[in-house]
Amino acid sequence: MSQTCASHEPPMRRIWAGFAGTWRALLGDLGVLLLLFGGGVVYSFFYPLPYRQETVQQAPIVVVDQDRSALSRQITRYVRAHPAVLLLEVTPDVGRAHELLWRNEAAGALVLPAGLNAAVLSGRAVEVALVGHGAYLMLNKAALSGLAEAVGTVSAGIEIKRLSASTPSERQAREQRQPLQLNAVPLFNVREGYGAYLVPGVAVLIVQQTLLMAVAMLMGSWREAGGRPMAHDLGSFTGVWLAWTSAAVLHCAYWFGFVLWFQDYPRGGNLAGLVAFTLLFAATLASLALLIGSAFRTRERSVQLMIGLAMPILFVAGLSWPSEALPPLLQGLRWLLPSTAGIQGFVALNQLGASWSEIAPEVLALSALLPLFTVLAAWRWRATAGATRASSALRM
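Asker: What is the right way to read the overall build of the protein from this model?
Answerer: The number of helices and strands found in the protein is 15 helices and 4 strands. When the 396 residues of the protein are sorted by exposure, 44% land in the buried category. When contacts within the protein are restricted to residue pairs at least 6 apart in sequence, long-range pairs at least 24 apart make up 80% of them. Total accessible area on the protein is roughly 20700 Å²; 64% of this is exposed by carbon and sulfur atoms.

Asker: Explanation requested: the sheet that holds strand β1 (residues 59-65) in the structure shown.
Answerer: Backbone-to-backbone hydrogen bonds join strands into a sheet, with any given pair of strands oriented parallel or antiparallel. One open sheet holds the 4 strands; their spatial order is β2-β1-β3-β4, and the pairing between them is mixed. Each edge of the sheet is formed by a strand with only one pairing partner; in this case those strands are β2 (85-91) and β4 (129-132). Along the sheet, successive strands turn relative to each other by an average axial angle of 20°, direction set aside. Note: β1 against β2, 6 bridges, orientation parallel. Residue pairing across strands places V62 opposite E89, the latter belonging to β2. The sheet contacts of helix α5 (residues 94-102) involve β1, β2, β3 (108-112) and β4, and relative to β1 the element is tilted by about 165°.

Asker: In this structure, what is going on with unusual backbone geometry? I would like to understand it.
Answerer: Among all residues except glycine, the phi angle is most often negative; among peptide bonds, the trans geometry is most common. The backbone of Q58 sits at a positive phi, close to 60°, despite the residue not being glycine. Relative to the elements of secondary structure, Q58 occurs in the loop between α3 (30-46) and β1. In this structure, R68 is a non-glycine residue whose phi angle is positive, near 50°. One can find R68 in the loop between β1 and α4 (70-81). Here R68 falls in the exposed class, since its relative accessible area comes to 58%.

Asker: Help me understand the confidence of the model for the protein, please; the structure alone is not making it clear to me.
Answerer: Low-pLDDT stretches of the model should not have their predicted coordinates read in fine detail. Per-chain confidence: the protein averages 82 in pLDDT, with 86% of residues scoring 70 or above. By mean pLDDT, helix α1 (residues 2-7) is the weakest element of the protein at 46, and helix α11 (residues 271-293) is the strongest at 92. Contacts from residues 1-6, a stretch scored under 50 in pLDDT, to residues over four places away or in other chains number 6 contacts. Scored below 50 in pLDDT, residues 386-396 makes 5 contacts in the model with residues more than four places away or belonging to other chains.

Asker: Whenever I open this one, the packing of helix α10 (residues 234-262) against α11 confuses me. Can you help?
Answerer: Describing two packed helices takes the angle between their axes plus the distance from one axis to the other. Where α10 meets α11, the closest approach of the two axes is 8 Å, and the angle between their N-to-C directions is 130°. Judged by the angle between their axes, α10 and α11 are oblique. The two elements α10 and α11 meet at a crossing, and its hand is right-handed. In this structure, α10 uses F237, V240, W241, W244, T245, A248, V249, C252 and F256 to contact α11, whose residues at the interface are L274, T278, L279, F281, A282, A283, A286, S287 and L290. Per-class residue counts for the contact of α10 with α11 are 15 nonpolar, 3 polar and no charged.

Asker: In this structure, what is going on with the packing of aromatic side chains? I would like to understand it.
Answerer: Aromatic ring pairs are reported here in terms of the distance separating the ring centres and the angle at which the planes meet. Applying the stated criterion to the full structure yields 12 aromatic pairs. Seen from their ring centres, F277 and W356 are 6.4 Å apart, and the 75° between their planes marks the pair as edge-to-face. Taken together, the residues F277 in helix α11 and W356 in the loop between α14 (338-350) and α15 (360-395) connect sequence positions 79 residues apart. F277 sits in the buried class, given a relative accessible area of 0%. A relative accessible area of 36% places W356 in the partly exposed class. Aromatic ring contacts, followed pair by pair, group F45, Y254, W255, F258, W261 and F262 into a single cluster.

Asker: Would you mind going over the side chain of N140 with me for this structure?
Answerer: Examined against the element boundaries, N140 turns out to sit in helix α7 (residues 137-164). Here N140 is in contact with A107, G132, H133 and G134, once residues within four sequence places are set aside.

Asker: Explanation requested: the pattern of salt bridges in the structure shown.
Answerer: A side chain with one charge can pair with a side chain of the opposite charge if their charged atoms come near. Under the defined criterion, the tally for this structure stands at 4 salt bridges. The salt bridge partner of E99 is R103, with a shortest N-O separation of 2.6 Å. Assessed through its relative accessible area of 35%, E99 is described here as partly exposed. Exposure remark for R103: the relative accessible area of 43% places this residue in the partly exposed category. Residue R103 pairs with E105 through a salt bridge whose shortest N-O separation is 2.4 Å. Take E105: its relative accessible area is 35%, and that puts it in the partly exposed class.

Reading the values: the criteria
- Counting starts from 1 at the beginning of each chain's written sequence and moves along it residue by residue.
- Thresholds applied to this predicted model are a pLDDT of at least 70 for local features of residues and 80 or more for the giving and counting of side-chain atom pairs; totals over whole chains, interfaces and linings are not thresholded and use all residues.
- Here the side-chain values reflect all heavy atoms present in the structure, with hydrogen atoms and water set aside.
- Think of it this way: any DSSP run of H or I at least four residues long counts as a helix, any run of E at least two long counts as a strand, and we number them from the N terminus.
- Each residue is assigned to one of three classes by its accessible area relative to the maximum for its type, calculated with a 1.4 Å probe on protein chains only: buried under 20%, partly exposed between the two thresholds, exposed over 50%.
- Contacts: residue pairs with any heavy atoms within 4.5 Å of one another.
- Under the convention used here, a 1.4 Å probe and the Shrake-Rupley method define accessible areas, while residue burial counts only the protein chains that appear.
- Each pair of strands is called paired provided DSSP finds at least two bridges between the two strands.
- Only the contacting stretch of a helix is used when fitting its axis, a line to C-alpha atoms as for every element, and angles between N-to-C directions run 0 to 180 degrees.
- pLDDT gives the predictor's per-residue confidence on a scale running from 0 to 100.
- Comment on the angle field: the value is read as roughly parallel under 35 degrees, roughly antiparallel over 145, roughly perpendicular from 65 to 115, and oblique elsewhere.
- Throughout, a crossing is termed right-handed when the near helix is turned clockwise from the far one, and left-handed when it is turned anticlockwise from it by less than a right angle.
- Three classes are used: nonpolar for Ala, Val, Leu, Ile, Met, Phe, Trp, Tyr, Cys and Pro, charged for Asp, Glu, Lys and Arg, and polar for all others, with Gly counted as polar.
- Note on aromatic pairs: the rings of Phe, Tyr and Trp (six-membered ring only in Trp) are paired at centre separations within 6.5 Å, and the planes decide the class, stacked below 30 degrees, edge-to-face beyond 60, tilted for the rest.
- We count a salt bridge whenever a side-chain nitrogen from Lys or Arg sits within 4 Å of a carboxyl oxygen from Asp or Glu.

Have a look at this one:
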């Protein structure tokens, strides 16, 4: 009876009924509401928290000074002054350094061998050993790079003093030692931090996974209750699709309009392109969510599946692992996920200031997925009407 009446309603009224009905159901379901919006708020403060310092500093290290000379003490002073490392101890015992490394109290060690100063004074090359723990990649990198820079600075000073003996001035000695000057200026990730690199990309994945889970949970509840609170016609489907699209737009606006500003990550690139890309991404994501949501008969099953798939989806997106290193099959299949184009497109527009033409592959990918997912989701929306009526008849 309700289906027959709905078919005679004006299309705009059916669209509005689907839109309003979806938002009422969303706001009335505490679990879905907390997952979609509450989860996003929690993630926006919790996930960036470990990366607030951006770069690792004060990595604990130990210096093994077996030379005990003026040169070894100078190197130790340079190590102590480096901001990336924290000198825990200076010892002549290599075994003590090994003990600190094995007990996770030190991330690295610098070994200054006996005879270091004598070899340098005689003009012979001498090697020092840098030892890293390796269990924690960021600490290992900070410890080894900090120690290498300290030793390199002292080595450069020694070489300049040698060249000064045969050149008129110290300036000429410096230019002779390094005739090509390198001035490295980071353009976008100005602090070269891990958080500014990772969080904006992961935000897209959070938006995608929370929306997929929320839609699937709500549609699973409808299936458990024996039907949907709106009609099965295409007008109602359009309203539902617009409701979830608007929810995705709000989620993106929160992350890219507030979170990146609050966390002080690089932002403010192509604003007009960002808005247009957000609408395209949100519409594609809503269609995929309705398609996937139609496959779940229970409320909880979708959450179990989507949480387990989050890391593989991030892995194939090309953010934490180069896409060129993926197997050829995955390089193609990964474009079936909106997050693949979304991560690359949002980072390029919001942080790098890319133009619309520069993200043409991402725009084309989403433009191809949008009609595909929408047609399949609309077909599933209509197809489940018969299944719902059949199950209702069986219960009667």
